[in-house]
Protein chains: 4
Amino acid sequence: MLKSAKRARSAEDKSLKRDLILNTASQLFDDSPDTLPTAAAIANHSGIAKGTVYLYFKSKEEIFLALLEQHYQAWFSDIRSAITADKPDSDEIINALCHYIESQPQFFQLASLSSSIIEQNVDSKILLEFKKRLVEIITSASKDLAQRLDLDEYETCAQLLMRSYAMLLGLWQVSHPPEKVAKTLDNPNLTLIQPEFGLEARDALAQLWHGYVGQKGAKSSGRFWKIGNLFAKTE
Amino acid sequence: MLKSAKRARSAEDKSLKRDLILNTASQLFDDSPDTLPTAAAIANHSGIAKGTVYLYFKSKEEIFLALLEQHYQAWFSDIRSAITADKPDSDEIINALCHYIESQPQFFQLASLSSSIIEQNVDSKILLEFKKRLVEIITSASKDLAQRLDLDEYETCAQLLMRSYAMLLGLWQVSHPPEKVAKTLDNPNLTLIQPEFGLEARDALAQLWHGYVGQKGAKSSGRFWKIGNLFAKTE
Amino acid sequence: MLKSAKRARSAEDKSLKRDLILNTASQLFDDSPDTLPTAAAIANHSGIAKGTVYLYFKSKEEIFLALLEQHYQAWFSDIRSAITADKPDSDEIINALCHYIESQPQFFQLASLSSSIIEQNVDSKILLEFKKRLVEIITSASKDLAQRLDLDEYETCAQLLMRSYAMLLGLWQVSHPPEKVAKTLDNPNLTLIQPEFGLEARDALAQLWHGYVGQKGAKSSGRFWKIGNLFAKTE
Amino acid sequence: MLKSAKRARSAEDKSLKRDLILNTASQLFDDSPDTLPTAAAIANHSGIAKGTVYLYFKSKEEIFLALLEQHYQAWFSDIRSAITADKPDSDEIINALCHYIESQPQFFQLASLSSSIIEQNVDSKILLEFKKRLVEIITSASKDLAQRLDLDEYETCAQLLMRSYAMLLGLWQVSHPPEKVAKTLDNPNLTLIQPEFGLEARDALAQLWHGYVGQKGAKSSGRFWKIGNLFAKTE
DNA sequence: AATGAATGAGGATTCATTCAT
DNA sequence: GATGAATGAATCCTCATTCAT
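Residues numbered from 1 in each chain as written. Chains lettered and ligands numbered in written order. Predicted model: local features only at pLDDT ≥ 70, side-chain atom pairs only at ≥ 80, totals over all residues. Heavy atoms only, no water.

Taking an unreviewed UniProt entry as the reference, chain A is identified by name as TetR family transcriptional regulator belonging to Catenovulum sediminis.

Okay, structure coming up:
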């Protein structure tokens, strides 16, 4: 419960306070990842008044949309790093795709609530802007990938990334039941429908990307495509 | 708002009332697919009392879990039909995978609420049983598929199906924003992150399955694998 | 804080519980007549749960609309008694008009909040029904009056009653400042704009009714119209 | 949304800014006449800061009390003009009483909120001063009227004016339901309790004034009292 | 004088579920 | 079996006002 005594007059101060709210919301959500924390809790744990929260965000859900966007940005940053690394291969990119999600479980926890809860309560205008920014990020990463693969058009790369995201999101939801029932379901018979996310994700992505290259042809260097190997490992 | 005054004495009567509740819940959910209808609404529109609903289901969410299970069963029934058809090929199976989802949008609408809302409020024991039955269904379908592909082990087929499900679930969520914002987001710039589900799903699955065969080798007859063609069409 | 243990199954029981809520609301409003009591307070002091209040009334304001209607009914009941009394004269009717308001200050306290607060938050349909019933009550009283005055048409009587109501409502608001400032304003210089309601009301009504008879002619017996005398008294 | 950056150094500047606030408040209230606009809205639309509003008015309601006072002043100015006109008669005065109210619906919209909302939140001292000034205005007008009627004492004239005000205020509230329900109530059966204000007001005032002259005798010239005629017209 | 960030009290209503009848 | 009256937890956001800058 931090106490930020002075008022945020400057743009920088404001940005700091905004971050304070975001950080508090992030922590509280981590504490109980199945529901969004209440506005009151966020205010209290931030050491500010409830009303103040609404000076920085128009609704509670907007806070978590902002949090989600931070994750998207960080995620794609990692992805682009992997793509534009010195001599990347598909394994490394797939690894980048999975690693951030694993190390920041909050990301997909939020993403899973996104369509059912968060987007419901966010102003359409805000949401539209959010999605436009998302498109840009994805487009940029896709272009990087296209360049790496020596492709003229980036559209199929964008598709590949979106499908990878969809696959990961689906796998996450399949493999992460609500915490309160997680124990009960920790049943060996259920590994099929409740796989260990990290392994399954890598393997599934490898398969998907393998399909991509199979269809797109061998235009790109064989050195890039290591996805077959990865698949082999888990077999 | 039906009025069924008589009591459900026999087992059949009970089953009928249970179905009545399920059907009512189904209709109401179709009417506003972004939230589960209230218990009161379900009771009213069924022509029964609120308390009666709880004689047949322990919680509201259990109703929708049952509904969801019906969908899973119907879906896998279709899938198995496609697999065990006279001379199936991958396109037909992929088509089966997609067709039911498209014709019964309620299915994935529910599935999307499953982890975030439904499973949260269902008794662990019930949920466990539900999931076990699910495993069986998937296993059976997987075995069918393995047999069709002339494989000794069905596990990778089960994985393939699960991954297909995950992919479809992710794509559904990506391509179906909450109704109230759907119009605002009907923006050509957003097609990347809001693709037309039917096309994208078929294409993505083809890719995934292509990857599968690529990795698993050509043990199965070449006639089965038409997925390359399908991909080619949309290219 | 009454405790009504059993459930209201019968219509009579329900009516009793409804009355309980109304009575509690009435008392609480008397305690602080400048604002409507909260729904929580009404529930607590009734010894019932908040939700129960909403089983009997769709909104808080509806409670007070019901209370207001009771007053209208009682008021017009008194008025009609005065009109149809053995040998009524105008003074007695005017007295009836004023007496109830004086003895039940809550009536006009509510009436004064009616247009600004209560009607704002009541469902249009409910409000319409309420007003229709009001029209009927007024019409009936008007017909009584017309009969007493030996008039063929009751419309001008209805008008007279409505104008009497309007006058009384206006005078009430003028003479009853919010409690918290009543003391400060208890100033001899302000008697003009803050007259003693009872006296002023009788006098003003006498004047209005005097104008009525002056315009409508002497069709009715001179014995009825004593309003001149009344006026003379306060002069 | 004007932008007046400079400070209000001189008394004139201050007065100008006060007027700016009043005008903005007036416009905003016209836009949604059932509730007082928020302090934030007034500030924004005035192009000044919220805090600045409170340099000129101690509370939001004080703004509207000031607005109301302006209306009272303008109204009585019109009334006195009518009274002191060359050869006024009662019809003309009654017309003056009604005309301003009709052309400035904001006046009585505010007056109707006065006792229930505005006076509640105004400092007692301010309110007292306000009311004293009101008394003076009314007194002056009353004296004008007494003079015109050749009466020695103005008190009964003051009473007549106050009663006229009360009647008009009551009629206004009766005939002006909250906007959001106005349509629903636009029902021919309700004309009795929802008369057209302008017609009803003139007629009712004529009746009241008729009663006045009936009681006060014919001291004043017959030429003044045309109210009988007016009534006849609408009969 | 002016600003505008911060405050925090304040309140109606919904709805899943239970249990007395 | 059926009912439906009763429960009461749960929570967001607005907005008048203040006061540090």
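## A look at the overall build of chain A
Spelled out, the test is: The way it works is that DSSP assigns letters per residue, a run of H or I at least four long becomes a helix, a run of E at least two long becomes a strand, and they are numbered from the N terminus. When accessible area is computed with a 1.4 Å probe and restricted to protein chains, residues below 20% of their type maximum are described as buried, those above 50% as exposed, and intermediate ones as partly exposed. Any pair of residues with heavy atoms lying within 4.5 Å of one another is described as a contacting pair. Only the protein chains shown count as covering a residue, and every accessible area follows the Shrake-Rupley method with a 1.4 Å probe. Asp and Glu are treated as the negative residues and Lys and Arg as the positive ones, with His and the ends of the chain left uncounted. Charge positions come from single atoms, namely NZ of Lys, CZ of Arg, CG of Asp or CD of Glu.
Check the secondary structure of chain A and you find eleven helices and zero strands. Walking chain A from its N terminus toward its C terminus, one meets helices and strands in the order α-α-α-α-α-α-α-α-α-α-α. By its C-alpha atoms, chain A is 60 × 45 × 30 Å across when sized along the principal axes. Looking at chain A as a whole, 57% of its 235 residues are labelled buried. Considering only contacts within chain A whose residues lie at least 6 apart along the sequence, 69% involve residues at least 24 apart. If you sum the accessible surface of chain A, you get close to 10700 Å²; carbon and sulfur atoms cover 49% of it. Taken as two groups, the 27 positive and 30 negative side-chain charges of chain A have centres that lie 7 Å from each other.

## Comments concerning the interface of chain B and chain A
Reports of interface size often rely on the accessible area that becomes lost once the parts have come together. So the rule is basically this: Throughout, buried area stands for the accessible area (probe radius 1.4 Å) lost by two parts on being put together, summed over both. Here, a salt bridge means any Lys or Arg side-chain nitrogen found within 4 Å of an Asp or Glu carboxyl oxygen. As used in this structure description, the phrase polar contact means that two N or O atoms lie within 3.5 Å; if the pair is within protein, one of them must be able to donate a hydrogen and the other to accept it, and residues adjacent in sequence are counted only when both atoms belong to side chains. Here the nonpolar group is Ala, Val, Leu, Ile, Met, Phe, Trp, Tyr, Cys and Pro; Asp, Glu, Lys and Arg are the charged ones; every other residue, Gly included, is treated as polar.
Taken together, the 55 residues of chain B in the interface contact 57 residues of chain A. Note on chain B versus chain A: buried area summed over both sides is about 5200 Å², and carbon and sulfur give 63% of it. Considering only the side of chain B, the residues that lose the most area to chain A are B:Arg163, B:Gln207 and B:Gln215, jointly responsible for 14% of the buried surface there. Linking chain B with chain A are four salt bridges, by the criterion used here. Where B:Arg163 meets A:Glu200, a salt bridge forms, and the shortest distance between an N and an O atom there is 2.7 Å. For the interface between chain B and chain A, the tally reads nine residue pairs in polar contact (both at pLDDT 80 or more). Among the elements that make up the side of chain B that touches chain A, the one with the highest residue count is helix α8 (residues 155–175) of chain B (13 residues). A class-by-class count of the residues in the side of chain B that touches chain A yields 28 nonpolar, 17 polar and ten charged.

## Looking at the packing of aromatic side chains
Put simply, the test is: To pair, rings of Phe, Tyr and Trp, with the six-membered ring standing in for Trp, must have centres within 6.5 Å; the planes then decide the type, stacked if under 30 degrees apart, edge-to-face if over 60, and tilted in the middle. For a Lys NZ or an Arg CZ to count as sitting over a ring, it must be within 6 Å of the ring centre and within 35 degrees of the ring normal.
As enumerated under the stated definition, the model contains 52 aromatic pairs over all chains in all. An aromatic cluster of three or more residues is present, and its members are A:Tyr72, A:Trp75, A:Phe76, A:Tyr100, A:Phe107, A:Phe108, A:Phe130, A:Tyr165, A:Trp172 and A:Phe197. Just above the ring of B:Tyr154 sits the side chain of B:Lys143; from NZ or CZ to the centre is 5.1 Å.

## Overview of the packing of helix α1 (residues 11–31) of chain C against helix α4 (residues 60–83) of chain C
All names here are of chain C. The condition that has to hold: In this analysis, axes come from line fits to C-alpha atoms, helices being fitted only over the stretch in contact, and the angle between any two N-to-C directions falls in the range 0 to 180 degrees. Orientation labels follow simple angle bins: below 35 degrees gives roughly parallel, above 145 gives roughly antiparallel, 65 to 115 gives roughly perpendicular, and whatever is left gives oblique.
Direction vectors running N to C along α1 and α4 enclose 90°, while the axes themselves pass 10 Å from each other. Between α1 and α4, the angle falls in the class roughly perpendicular. Counted together, Arg 18, Ile 21, Leu 22, Ala 25, Ser 26 and Phe 29 of α1 and Ile 63, Phe 64, Ala 66, Leu 67 and Gln 70 of α4 form the full contact between these two elements. Per-class residue counts for the contact of α1 with α4 are eight nonpolar, two polar and one charged.

## Comments concerning the UniProt feature "domain: HTH tetR-type" (unreviewed entry) in chain A
The cut-off we apply is this: UniProt positions are given in the numbering used here, feature names are shortened, and annotations may be inferred rather than shown by experiment.
In the numbering used here, UniProt assigns the feature "domain: HTH tetR-type" (unreviewed entry) to residues 15–75 of chain A. When the span residues 15–75 of chain A is considered, its composition is 79% helix and 0% strand, and the gap between its end C-alpha atoms is 22 Å.

## Describing the pattern of salt bridges
Residue and element names in this part refer to chain A. Here the structure, examined in full by the defined rule, presents 24 salt bridges over all chains. Notably, a salt bridge pairs Arg 202 with Glu 102, separated by 2.9 Å at the nearest N-O pair. Taken together, the residues span a long stretch of sequence, with Arg 202 in helix α10 (residues 197–216) and Glu 102 in helix α5 (residues 90–103) at a distance of 100 residues. A relative accessible area of 18% means that Arg 202 is categorised as buried. The partly exposed category is assigned to Glu 102, whose relative accessible area is 33%.

## Let's talk about the confidence of the model for chain A
In regions of low pLDDT, the predicted coordinates are not meant to be interpreted in detail. Residue and element names in this part refer to chain A. Rules: Confidence of the prediction at every residue is given by pLDDT, a number between 0 and 100.
Per-residue pLDDT for chain A averages 88, and the proportion of residues at 70 or more is 91%. Confidence scores differ between elements of chain A, with helix α11 (residues 227–234) showing the lowest mean pLDDT of 46 and helix α4 (residues 60–83) the highest of 97. Every residue in residues 229–235 is under pLDDT 50, and counting partners more than four places away or in other chains gives eleven contacts.

## Looking at the relation of the copies chain B and chain A
For the record, the criterion: Only residues with pLDDT of at least 70 in both copies count here: their C-alpha atoms drive the least-squares fit that superposes the copies.
At an RMSD of 0.2 Å, chain B and chain A line up after a rotation of 179° and a shift of 0.1 Å along the axis. A rotation of that kind, with that shift, is consistent with a two-fold axis. Counting the interface residues of chain B, we find that 98% of their copies in chain A are interface residues as well, pointing to one common contact surface.

## Here's the deal with the domain arrangement of chain A
Residues and elements named next belong to chain A. Keep this limit in mind: Domain extents, as shown, originate in an automatic or database domain assignment.
Looking at chain A, the domain boundaries give domain 1 (1–57) and domain 2 (61–234). The C-alpha-based centres of domain 1 and domain 2 are spaced at 29 Å. Facing the 14 residues of domain 1 at the interface are 16 residues of domain 2. Carbon and sulfur atoms make up 72% of the area that domain 1 and domain 2 hide from each other, which totals about 1300 Å². Interface area lost by domain 1 to domain 2 is led by Phe 29, Asp 34 and Leu 36, which between them contribute 43%. Summed over the shared surface of domain 1 and domain 2, the number is three residue pairs in polar contact (both at pLDDT 80 or more). Here the side of domain 1 that touches domain 2 gets seven residues from one element, more than from any other, and that element is helix α1 (residues 11–31). Here the residues of the side of domain 1 that touches domain 2 sort into ten nonpolar, one polar and three charged.

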